[in-house]
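# A structural walkthrough
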Amino acid sequence: MITGAEALIRALKAEGVTTIFGYPGGAIMPVFDVLYDYTRGDKKAFEHILVRHEQSAAHAAEGYARVSGQVGVCLVTSGPGATNTLTGVADAMMDSTPIVVIAGQVGVESLGTDAFQEVDLVGVAQPISKWSYQIRRAEDISWAVSRAFYIARSGRPGPVVLDFPKNAQEAVTEYKPCHIDFVRSYVAYPALDDDAVRRAAELINNAKKPLALVGQGVELGNAYDELVAFLEKGDIPAARTLLGLSALPTDHPLNVGMLGMHGNYAPNMKEQECDVLVAIGMRFSNRVTGNVMTYAKQAKVIHLDIDVSEIDKNVKTDVAVVADCKVSLPAITRLLRKNSHKEWRDSFKPLDEKEYEEVTRPAIYPSSGPLLMGEVVNAVAEATGGDAILVNDVGLNQMFSSRYFKYKRKRSIVSSGGLGTMGYAIPAAIGATFGAKGRLVCMFTGDGGFQMSIQELGTIMEQGCPVKMILLNNNYLGNVRQWQDMFFNKRRSFTKMQNPDYGKICAGYGIPYSFVSERDMLDDEVSKMLSSDGPYLLECAVKEDENVLPMVVPGSSVNEMNLSF
C-alpha cells in the first residue's frame, strides 16, 4: 500500500520516463516529496529539471520530445502553475508533439468553491489537447497515466493533461501496474486501404511532373528510409515543410528546398505546375498553400496522413491514403515503376539559380554593410556541417535560420510551427540537450523572443545545458517591423526595442558570452563558441531593417512569390 503520489511516480517509471521538467507548488507538494527520493541515491530513476517558469517546463518537454521521439513530461502545481503550461500545450497540439502535463489540483472536496489556486484545468485544456482528465481517486492513477501516455504517443501524437487533486495524491492505494494499448472509439493507426494505395501508385506512375511535399509526419512516423526509397524509385523531387526540414537531408539530390511563405522559390513556383502532388505527413497550412482558392488546381492531389481529419480540410484530395506513412509509403513504393523525371527535375535549376543570385548570395555573402542574419546562420551551418540540432524562436530569426541551416540527421529541427510561440527557443533548447545528449544544439533567437524567456538562463546555469545560443539582435521585433514596412506604410508602432546589456546578464549567470558586430570577426567568434564546453551566448549585432525573402504575400498564390520589394 502506497500513497497516490508514489503511485504516480511508479507509473511514470513504468512508462520509461527518465526526465521531468517541473516547478513545485502547494497542490503538487506530495508528489515532489516522493520525487525527492527517486532523484538521488540507490533509488534514483529520474532527472528533474527545475525551470524558472511553468510555460518553459512545457516547452522544454516539447524540445525533449521532438529530438528524442519520446514523450516529454512536465510537473507543475495548480492554478497559475497549470495555466502557465497551456501555451505549451496549445503549441504541442498544433505541432503534433507528444507531451504529458501533470498538474496539482485542490482536493475533490474543495472543487467548485474557488479555493486558493483552483482552476478548471480539464475544461480549459480540453479544446487544445488530445485528452484531459482529472484523477480523483488514488486507485485510478496507474490506469490514467498509462492511458495518457498511450494517447500522447500513438497515432498523430499530441499533448495530454492530467489534473491531479491533492486528496488523490495523499490517499493510500494498492499499486497495480497497468498497460493501456487500446481506447474504445480511438483509432490510432487506421487500416491501410489497398485500393487507395493502388490508385495513388497509378497516378504517380503516369505523372510527368510529380512533386512530393514532405512534412513532419515522416519524422513522427520514423519513415526516413521509406521516404527515400519512395522518392528514389519514382524519381520524385521533394520539398519540405518547416517542421519536416530534417526528414530529408539537405544535400539529397531530390531535395528541392523548403515550402511556404518564406520558403524556396523553385518548389513554390512548381507547386502550380506539377501534375501530381503527393503530400506526405503535412497538413496544407495556409503558410504553405497561400491562397487556397488558387492552389495547385492543375494537379491531382494524393494525401498521405495518419489523421483522417486532415483529409480535404484545406485542399481537396483526389486520393487519400489514411495510415501511418511508415506503412503507406512502402506499400505505394512496391507498386511504383522505376522512373526518371530528369527533364522535370532540371526545370527547378533555373529557378534555384535565380533565387541564389537575387536573394541567397546577397543574404549569406554580403560584401559590405552591417552583419546580416543570413550570413550569421550560414557561418554556423558551415562550421557544424549539418550535424547539429537547430532550435529557433519565432520571427525573422526563425525564417533565416530554418532557410540557411543544413540538415544531415533526423530530428534536427525544433521550431514552433503552428502556434508561432515567441519565447519558445530557450526552454525548447534546454529540453533538446536532455533529449539528445551528445548532440550539438544550436539555438537562434531574436532580442524579442530571447527576453520572453530570459529567466531560463538560470536553468541553463544550474544544469550546465551545453546549448550554443546565437542572439540575432536587430533592436526590433523584426518580423512585425517587416510587415509594418510592407503593409502599414512603415508606421513602426511599438516594434523598436531598447535592449539590456546581455554581457552583464550572462556574467550574472556565469555563462560565457561574446559580441560580434564586424564581419571579419564572425568566423572566429563562431569557432570560439562551438569549441567551448557548456553553454555559450554569441550576440550578433545585425542590420536593423533586414527583411526575409522570398515572400508570398498573404492572400497571394504561391507562384506570386516576391524575390524583392
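Anyway, here's the lowdown on the structure attached to this text. What you are looking at is a predicted structure, and each value in this text was computed from that prediction instead of being measured.

Going through the model one piece at a time under the given rule, you end up with 0 disulfides. Just so you know, Cys74 is unpaired, no disulfide at all, and the nearest cysteine sulfur is the one on Cys465, 16 Å from it. In this structure Cys506 is not part of a disulfide, and its nearest cysteine sulfur, from Cys540, lies 13 Å away. For Cys506, a relative accessible area of 1% corresponds to the buried category.

With that settled, consider the sheet that holds strand S12 (residues 276-280). In spatial order, the strands read S11-S10-S9-S12-S13-S14; together these 6 strands make up an open sheet with parallel pairing. Every other strand in the sheet has two partners, leaving strand S11 (255-258) and strand S14 (319-322) as the edge strands with one partner each. For this sheet, the mean inter-axis angle between neighbouring strands, taken without regard to orientation, is 20°. Bridging between strand S13 (residues 300-305) and S14 involves 4 bridges; their strand directions are parallel. Note on S14: the bridge partner recorded for Asp305 is Val322. Against the sheet, helix H14 (residues 325-334) touches S12, S13 and S14, its axis set at about 135° to S13.

Turning our eyes to something else, we now look at the environment of Leu396. As for its position among the elements, Leu396 is in helix H18 (residues 396-404). Sequence-wise, Leu396 and Ala381 are 15 residues apart; in three dimensions their C-alpha atoms are separated by 17 Å. Every residue in contact with Leu396, bar those within four places of it in the chain, is listed here: Met373, Asn474, Gly478, Asn479, Arg481, Gln482, Glu546 and Val548.

Glancing now at the packing of helix H1 (residues 4-14) against helix H2 (residues 29-37). To characterise two packed helices, one gives the angle between the axes of the helices and the distance between these axes. Two numbers describe how H1 lies on H2: the axes approach to 8 Å, and their chain directions differ by 60°. With respect to H2, the element H1 is oriented oblique. Crossing handedness for the pair H1 and H2: right-handed. From H1, Ala5, Glu6, Leu8 and Ile9 reach across to H2, where they touch Pro30, Val31, Val34 and Leu35. Of the residues contributing to the contact of H1 with H2, the split by class is 7 nonpolar, no polar and 1 charged.

Reading guide: rules and limits
Residues numbered from 1 in each chain as written. Predicted model: local features only at pLDDT ≥ 70, side-chain atom pairs only at ≥ 80, totals over all residues. Heavy atoms only, no water. Disulfide = S-S within 2.5 Å. Buried < 20%, exposed > 50% of the residue type's maximum accessible area, 1.4 Å probe, protein only. Pairing = 2+ DSSP bridges. Helix = DSSP H or I, 4+ residues; strand = E, 2+ residues; numbered from the N terminus. Axes fitted to C-alpha atoms, helices over the stretch in contact; angles between N-to-C directions. Contact = heavy atoms within 4.5 Å. Parallel < 35°, antiparallel > 145°, perpendicular 65-115°, else oblique. Left-handed = near helix turned anticlockwise from the far one by under 90°. Nonpolar A, V, L, I, M, F, W, Y, C, P; charged D, E, K, R; others polar.

Everything listed is a geometric property; what it means functionally is a separate question.
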